[in-house]
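Observations on chain architecture
Listed below are the residues making up each chain.
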Amino acid sequence: MGQVGWRGLCLSLFDYKTEKYVIAKNKKVGILYRVVQLSILAYLVGWVFVVKKGYQDSDTSIQSSVITKLKGVAFTNTSELGERLWDVADYVIPPQGENVFFVMTNLIVTPNQRQDTCPESTGIRDALCSKNRDCPAGEAVIAGNGVKTGRCLKVRSNTNGTCEILAWCPVEKKSKPRKPLLVNAENFTVYIKNSIRFPKFKFSKTNVLNTDDDFYLKTCHYSAQHRYCPIFHLGKLVSWAGNNFQDMASEGGVIGIQIEWDCDLDKPPSECNPHYSFSRLDNKFAEKSISSGYNFRFAKYYRDADGVEYRTLIKAYGIRFDVMVNGKAGKFNIIPTIINVGSGLALMGAGAFFCDVVLLYLMKKSNFYRGKKYEEVKSSSRKSLPGGTVNGKQNSESLATLEQLRQLQTVET
């Protein structure tokens, strides 16, 4: 770069740019500009402030506790257990009542199991054998119930049999009742107490009606008229999730109970209400899947008169209910209001920039408009009088000076 170039670059650092307003009387660009302005204004007012409540400070760090209690009894009569009455201590797991609870609706009972040797179940592939060496002693049966003893047990003259194992004998039965045993579980009720708190605003509330009537919760059930009575029929919970209780009771499943708190704290606290929604969380087409339903095993242990331990093994099928709580709260705050208003004004400037692009680069007369919008003014040591004349005629330089001094120039298209 030559000396002249460096000199020009250095001098350009001291140039000053100021705005020049040009009114372009072009109806197309004018209409476009107003449409852009109205669109930005509608977005700012309608979406940012009305829908998203951009004038509020929000708190989504909701603190929540859930307490559940179930009530209901059922009667069964089976060959393994005989006549038996089931209450909440029998069919509700865990008993302390948390945000996840399980209601047993069907079961397979294997009573009087003792630690002994017995043949493995014929449904276990790893336990099938034809001779003793197929059952290495001390080897655990894959997906089985015990440890191999080294013997292959055959029934009568069959060529194949199953390995003898050391386990809780007899091993678990594989067949379950065709119909759920606890069919009356559909009429059981669950009390779901939810207490929430938004720490930023120090606001707390619960989904239970604040009343001194001791009989209110004993007589009410959740409905549109009793929104603050969180007592639900299990059958209705499943039906609201789009399923049939008796169909789910046979194999089991998982139901989600969603409690949503959306609180506008600029309104009275009575306007902050819980909203419930229900859905099935496991495979909806569980009956067609090899991993259908929901089940697990547990045992009850006893000792006989000789002090020998034995147990009753129960494979429980049922419905697990997951209570999930979400929420947010909002309250007016000047800071987000200023930020969103400033963002809207910045978008207004973007609209003007867009129209400038159309006017200066996309129109047929773009060169003409660019020449009117951008003008370079150099200072002159010679001062001309605005009204100066030469030979009775006004000086052309004076006319140019007057034209440059105008701050607003109208361009006729």
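First things first, this report covers the structure right here in the doc. Source: prediction; values computed, not measured.

A word on the environment of L41. Secondary-structure assignment places L41 in helix α2 (residues 27–51). A relative accessible area of 40% places L41 in the partly exposed class. Linking L41 and G344, residues 303 residues apart in sequence, is a C-alpha distance of 7.5 Å. If near-sequence neighbours (up to four positions away) are discounted, L41 is found in contact with G46 and M348.

A few words now on the nonpolar core. Counting residues in each nonpolar core, the largest one holds 47 residues, and the members touching the most others are V103, M104, L234, W261 and F321. Residue assignment for this core shows that the elements contributing at least two residues are β3 (63–71), β7 (100–119), β11 (189–198), α5 (234–240), α6 (245–251), β14 (253–264), β15 (274–280) and β17 (309–332). Of the residues forming this core, the biggest block, seven residues, is contributed by β17. Ignoring anything within four residues of it in the chain, the contact list for F321 reads N99, V100, F101, V103, L234, L237, V238, I255 and I257.

All right, on to the state of the cysteines then. Enumeration according to the criterion identifies five disulfides in this entry. For C118, the disulfide goes to C169, at an S-S distance of 2.0 Å. Looking along the S-S bond of the C118-C169 disulfide, the torsion reads about -80 degrees, which is the left-handed sense. Of this pair, C118 sits in strand β7 while C169 sits in strand β10 (residues 161–169), and the two are 51 residues apart along the sequence. A relative accessible area of 9% places C169 in the buried class. Between the sulfur atoms of C263 and its disulfide partner C272 the distance amounts to 1.8 Å. Considered together, C263 and C272 belong to a single accessibility category, that of buried residues. What links to what in the chain: the bonded cysteines, counted in sequence order, pair as 1-6, 2-4, 3-5, 7-8, 9-10.

The next thing to look at is the packing of helix α7 (residues 334–362) against helix α8 (residues 366–373). The interhelical angle for the contact between α7 and α8, taken along N-to-C directions, is 115 degrees, at an axis separation of 6 Å. Judged by residue contacts, D356, L359, L360 and Y361 of α7 engage S366, Y369, R370 and K373 from α8. Partitioned by chemical class, the residues of the contact of α7 with α8 number four nonpolar, one polar and three charged.

Once that is clear, we can look at the packing of α2 against α7. Packed helix pairs are specified by the crossing angle of their axes together with the interaxial distance, meaning the distance between the axes. Between α2 and α7, the least distance of the axes is 10 Å, while the angle of their chain directions is 160 degrees. For the element pair α2 / α7, the angle class is roughly antiparallel. Taken as a pair, α2 and α7 cross one another with a handedness that is right-handed. Contact residues: V29, L32, Y33, V36, Q37, I40, L41, Y43, L44, V48 and F49 in α2; T337, N340, V341, G344, L347, M348, G351, A352, F354, C355, V358 and L359 in α7. Partitioning the contact of α2 with α7 into residue classes produces 18 nonpolar, five polar and no charged.

Looking now at the packing of aromatic side chains. According to the stated counting rule, one finds 15 aromatic pairs in the structure shown. For the ring pair Y91 and F188, a centre distance of 4.5 Å and an interplane angle of 20 degrees mean the geometry is stacked. You can see Y91 sitting in helix α3 (residues 88–91) and its partner F188 sitting in the loop between β10 and β11, a full 97 residues away along the chain. Of the two residues, Y91 and F188, both sit in the buried class. Ring-pair connections join several aromatic residues into one group, and the members of that group are Y222, F232, W240, Y276 and F278. Directly above the ring of W86 sits R84, whose terminal nitrogen or CZ lies 4.4 Å from the centroid.

The rules behind these values
- Residues numbered from 1 in each chain as written.
- Predicted model: local features only at pLDDT ≥ 70, side-chain atom pairs only at ≥ 80, totals over all residues.
- Heavy atoms only, no water.
- Helix = DSSP H or I, 4+ residues; strand = E, 2+ residues; numbered from the N terminus.
- Buried < 20%, exposed > 50% of the residue type's maximum accessible area, 1.4 Å probe, protein only.
- Contact = heavy atoms within 4.5 Å.
- Core = buried A, V, L, I, M, F, W, Y, C linked by side-chain atoms within 4.5 Å.
- Disulfide = S-S within 2.5 Å.
- Axes fitted to C-alpha atoms, helices over the stretch in contact; angles between N-to-C directions.
- Nonpolar A, V, L, I, M, F, W, Y, C, P; charged D, E, K, R; others polar.
- Parallel < 35°, antiparallel > 145°, perpendicular 65-115°, else oblique.
- Left-handed = near helix turned anticlockwise from the far one by under 90°.
- Phe/Tyr/Trp six-rings, centres within 6.5 Å; stacked < 30°, edge-to-face > 60°.
- Lys NZ or Arg CZ within 6 Å of the ring centre and 35° of its normal.

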